[in-house]
Structure formats: structure tokens, C-alpha cells
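Observations on the model geometry
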Amino acid sequence: SPEFYTAALERTVDADRLIMNGQNYYAHDIEAIAATAPGAVAGLIAACGVADLESGTDRLVLFCALDPADAGPGAAATTETIRAVILDREAQRGA
């Protein structure tokens, strides 16, 4: 049978901050933006950064529960919608 492991993490300001392409982002802001995408379940989204040693910046990793009733044609489409929502908000931020 499958085994599941959980870990309690204490979030700090630095742990919640991601630096991508020289810009500061906060996990809770990204999570809130992702929650606006159809199919994403608010409150069941977690964003974190993973260091990309090659580029010297963080890469965004987003964990998101999907609501099958709202996900539309499937998880791949919802994933692309979430990506588009985040990129659109980023474009607005840079303007």
C-alpha cells in the first residue's frame, strides 16, 4: 500500500519570498492569483521556489488541488489557465 509522509514547515518571510528574474514575489500573492483560475481550489494551493543553479534564480513550483466540476476539459487545461493567470498578473505588475 502507498505510504504518505507529511512535514510541518514554519513559514518565514524569507521562506515565502521567491526571487525570479531579479523580481521579488511572495508565495501568498502567487497562491491568491492562482486561486482565481477556474478549476483551482482556493485554500488548497501552495507556491514555493526551487533554486535553479544554472540561471541563478528561483523556479516557481505550484501545488494545486483541482475541482473536477470546474476543471473543464481536464487538468492540463486548468494548469495552462493557472499559468496564464499568473503570467497576465505579472505583465500587469511590470507595466
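What you are looking at is a predicted structure, and each value in this text was computed from that prediction instead of being measured.

1. Points about the overall build of the chain
The number of helices and strands found in the chain is three helices and four strands. For the chain, the residues scored as buried account for 21% of the 95 residues in total. Residue pairs at least 24 apart in sequence account for 48% of intrachain contacts in the chain once pairs closer than 6 positions are excluded. Roughly 6,800 Å² of accessible area belongs to the chain as shown, and the carbon and sulfur atoms make up 56% of that amount.

2. Focus: the pairing of strand S1 (residues 17–20)
The alternating pattern of S1 places Leu18 and Met20 on a buried face and Arg17 and Ile19 on a face that is not buried. One ladder, built from four bridges, connects S1 with strand S2 (residues 23–26); its direction is antiparallel. Across the sheet, the residue bridging to isoleucine 19 is asparagine 24, located in S2. Linking S1 to S2, which pair antiparallel, is a turn of two residues; within it asparagine 21 sits at a positive phi near 55°.

3. Section: the nonpolar core
One finds Leu18, Met20, Tyr25, Ile30, Ala34, Ile82 and Ile86 to be the most contacted residues of the largest nonpolar core, which totals 13 residues. Those elements that provide at least two residues to this core are S1, helix H2 (27–35), strand S3 (40–52) and helix H3 (75–94). Top element by residues in this core is H2. It accounts for four residues.

4. What about the pairing of strand S4 (residues 57–66)?
Both S3 and S4 contribute to a ladder of nine bridges, which runs antiparallel. Its bridge partner lying in S4, aspartate 52 is registered against threonine 57. Hairpin remark: S3 followed by S4, antiparallel, with four residues in the connecting loop; positive phi at glycine 56, about 75°.

5. Examining H2
Of all the residues in H2, the buried ones are Ala27, Ile30, Glu31, Ile33 and Ala34. Along the axis of H2, the buried positions cluster into a sector of 160°, meaning they face one direction only.

6. Focus on the environment of alanine 32
Residue placement: alanine 32 occurs in helix H2. For alanine 32, a relative accessible area of 48% corresponds to the partly exposed category. On a C-alpha basis, the gap between alanine 32 and isoleucine 86 in space is 9.7 Å, while along the polypeptide they are 54 residues apart.

7. Things to note about the confidence of the model for the chain
Per-residue pLDDT for the chain averages 75, and the proportion of residues at 70 or more is 75%. Mean pLDDT across the elements of the chain ranges from a minimum in helix H1 (residues 13–16), with 64, to a maximum in H2, with 87. Note on residues 4–13: pLDDT under 50 across the span, and five contacts to partners over four residues away in sequence or across chains.

The rules behind these values
Residues numbered from 1 in each chain as written. Predicted model: local features only at pLDDT ≥ 70, side-chain atom pairs only at ≥ 80, totals over all residues. Heavy atoms only, no water. Helix = DSSP H or I, 4+ residues; strand = E, 2+ residues; numbered from the N terminus. Buried < 20%, exposed > 50% of the residue type's maximum accessible area, 1.4 Å probe, protein only. Contact = heavy atoms within 4.5 Å. Areas by Shrake-Rupley, 256 points an atom, 1.4 Å probe, with all protein chains shown as cover. Pairing = 2+ DSSP bridges. Core = buried A, V, L, I, M, F, W, Y, C linked by side-chain atoms within 4.5 Å. Arc of directions from axis to C-beta. pLDDT = per-residue confidence, 0-100.

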